[in-house]
Each structure stands twice: as C-alpha cells, then as structure tokens.
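Chain by chain, the residues:
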Amino acid sequence: MKKIFFVFVVLLLIVACSKKDTKFEAFSAEAFAYDIGDGSAEVNATVRVKGFTQTEKDNNYKAEVAYQVDMIKPDSSVQRSIFKFVQQSEEKEAIGDIPLEAQFSLDSTYEAGTYTLVYKISDKNSENKIEAKVNFDLKWEL
C-alpha cells in the first residue's frame, strides 16, 4: 500500500511540475488603411505572437522577435520588406505574448483594392520562424 501511495505521489508531482510547451504561433492579425488626404494613406497592422523562447536572469524575462512585412498588391506583385523591426521585450514575469505592429504610408500611385500583408516572423532566441497573413482594403476618397 505504501508503494502504491508513493508511486501515486511521484506521478502527481511529475504531472504538476511538467512544463507545457506552447507552439510558436501568430494570432489576432488585423490591418486597415485610411486616407489621410493629400494623396496619402496610412496603413496600420498588428499581429500577436506566443510560444517564443524567453531567457530568464535575476527574475527578468527577455524575448526578442524580428519581423519583416511584405505586401502583396491587388495585381499579385509583391513589395518586399515594406516594414522591418526587431521587438525586444523585458518583463519581471514570464511573457505571455508580444504584439508586433507595422505602420507605413502609401501614396496615390497605389491603386485601390485588396492588399495582403505577410508577416515573416523569427524568434531570435530559438531561430523558429512563422508567417502570418492579413488583408486590408485601400480606398481613395474622392
């Protein structure tokens, strides 16, 4: 009976202390464009990532995620690296997710239509890579 109880307690401890691995993934992608006048439009886009590798030292958690954004135009041509950034986060507690934001302007040479942004995301601590896509409509006010 003591052996069964001991095995049960050990299994319970193993299950309770096991770390759940979260897959590196992007979620909640959003994008929109609005005409700011004078033949220009502003594009704002966000996506959140989780499951990245973070380092911990002296109760400081750090994560580093690099990303570039490509834009697919309505005619299917691709404009590479319309936006690039390295997001560094540091917190006193484990970091759950990180927002990645992109903001850029388009001029009147861009035709109205549906565009696709392709986030190419890299976890700098593990070299894991993912992609996320989000569409937005560009409309010019007359």
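Refer to the structure presented above.
Everything in this summary refers to the structure shown in the same document. (Residues numbered from 1 in each chain as written. Predicted model: local features only at pLDDT ≥ 70, side-chain atom pairs only at ≥ 80, totals over all residues. Heavy atoms only, no water.)

This part is about the nonpolar core. Ranked by internal contacts, the top residues of the largest apolar core, which has 31 residues, are L117, Y119 and I121. Secondary structure elements with two or more residues in this core: β2 (40–50), β4 (60–72), β5 (78–91), β6 (98–107), β7 (113–123) and β8 (129–138). Residues within four places of L117 in sequence aside, it is in contact with A31, V43, A45, V69, D70, M71, F104, A132, K133, V134 and F136. (Core = buried A, V, L, I, M, F, W, Y, C linked by side-chain atoms within 4.5 Å. Buried < 20%, exposed > 50% of the residue type's maximum accessible area, 1.4 Å probe, protein only. Helix = DSSP H or I, 4+ residues; strand = E, 2+ residues; numbered from the N terminus. Contact = heavy atoms within 4.5 Å.)

It is worth spelling out the sheet that holds strand β1 (residues 25–37) at this point. Pairing is antiparallel in the open sheet, where three strands are placed in the order β1-β2-β6. Of all the strands in the sheet, the pair left with one neighbour each is β1 and β6. Ignoring strand direction, the axes of neighbouring strands in this sheet form an average angle of 15°. For β2 and β6, the ladder comprises ten bridges, and the chain directions are antiparallel. When the bridges of β6 are listed, V47 appears paired with L100. (Pairing = 2+ DSSP bridges. Axes fitted to C-alpha atoms, helices over the stretch in contact; angles between N-to-C directions.)

Within the fold, S122 resides in strand β7. According to the relative accessible area criterion, S122 is buried, its value standing at 9%. Spatially, the C-alpha atom of S122 lies 5.2 Å from that of A66, the residues being 56 residues apart in sequence. If near-sequence neighbours (up to four positions away) are discounted, S122 is found in contact with F24, E64, V65, A66, E127, N128 and K129.

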